[in-house]
Amino acid sequence: MTPAHSLAAHLAAEEKSAPVTDWAARLGWVVGLALFVALVYWLMREGWKWRGTLQGDLPELPTTPDDPGPARLTLSGRYHGSTTAGQWLDRIVAHGLGTRSRVELTLTDAGLDVVRPGAADFFIPVAALREARLDKGIAGKVLTEGGLLIVTWAHGDKLIDSGFRSDRAAEHTEWVDTLNQMITTTEGAER
């Protein structure tokens, strides 16, 4: 046998395969990752609660009057949240305004009734309405241009933008026109 063959045979005899899995190390990484994810989730939850505490000066939301009158418009869709007016990323979470949900909107001469299954319902009196427009985003939700119906309203000393999306987006324009017409009529009557 030549020296090269004997060296190759010697090396082949000494080679051992590496362990396939180091279960202790893998388990340590999995547990560490799970703890990290739990910590991040907990911090996000605490931030949400802290934001609600900071917004504690916001008064209770108005409730629907006993007789709001006949419906002028109705809409089924999604409620995407509320923000400080003009600041589309400053989410308001106090009184459940930060909770996304399905929504049934009803516009009457008394105002806008917001019914949210699984979340707090509220009512926006016609005197509190300030503006309606189409926009593309509100905190946590961005759509195509004109994909969201944004209603600006006054609550306490704060102006609030609330974002809605109809199941039939073609309804948005009619809602904007009707709401802005009601706002103009109400402002004219108050003068």
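Just above, that's the structure.
Reading the values: rules and limits
All residue numbers refer to position in the chain's written sequence, counted from 1. A pLDDT threshold of at least 70 governs which residues receive local features in this predicted model, and a stricter bar of 80 or more applies before side-chain atom pairs are shown or counted, although totals over entire chains, interfaces and linings include all residues. Excluded from the side-chain calculation are hydrogens and water; included are all heavy atoms of the structure. To qualify as a helix, a DSSP run of H or I must reach at least 4 residues; to qualify as a strand, a run of E must reach at least 2; elements of each kind are numbered from the N terminus. Only protein chains enter the accessibility calculation, which uses a 1.4 Å probe. A residue is then buried if its area is under 20% of the maximum for its type, exposed if over 50%, and partly exposed in between. Any two residues whose heavy atoms approach within 4.5 Å at even a single point are treated as in contact. Accessible surface area values rest on a Shrake-Rupley calculation with a 1.4 Å probe, where residue burial reflects the displayed protein chains alone. The salt bridge definition used is simple: a Lys or Arg side-chain nitrogen within 4 Å of an Asp or Glu carboxyl oxygen.

Caption draft 1: Just the overall build of the protein, in detail. Each helix and strand counted, the protein has three helices and 10 strands in total. Counting helices and strands in the order they occur from the N terminus, the protein gives α-α-β-β-β-β-β-β-β-β-β-β-α. Here the protein holds 191 residues, and 34% of them are scored as buried. Here the contacts in the protein between residues at least 6 apart in sequence split such that 61% fall between residues at least 24 apart. Entry remark: accessible area of the protein is about 11800 Å², with carbon and sulfur atoms responsible for 60%.

Caption draft 2: View of the environment of T99. Within the secondary structure, T99 sits in the loop between β2 (91–92) and β3 (101–107). The exposure class of T99 is partly exposed, given its relative accessible area of 34%. When the C-alpha atoms of T99 and A120 are compared, they prove to be 8.6 Å apart, with 21 residues separating the residues in sequence. Beyond its immediate stretch of four places on either side in the chain, T99 contacts Y79, R116 and A119.

Caption draft 3: Just unusual backbone geometry, in detail. The phi angle at H95 is positive, at roughly 60°, despite the residue not being glycine. Structurally, the position occupied by H95 is in the loop between β2 and β3.

Caption draft 4: Spotlight on the pattern of salt bridges. Summed over all chains, the structure comprises six salt bridges. When the shortest N-O distance is used, the salt bridge between R133 and D135 registers 3.4 Å. Here D161 and R133 are joined by a salt bridge, their closest N and O atoms 3.2 Å apart. Taken together, the residues D161 in strand β10 (residues 158–166) and R133 in strand β6 (residues 129–135) connect sequence positions 28 residues apart.

Scope: geometric values only; no functional claims are made or implied.
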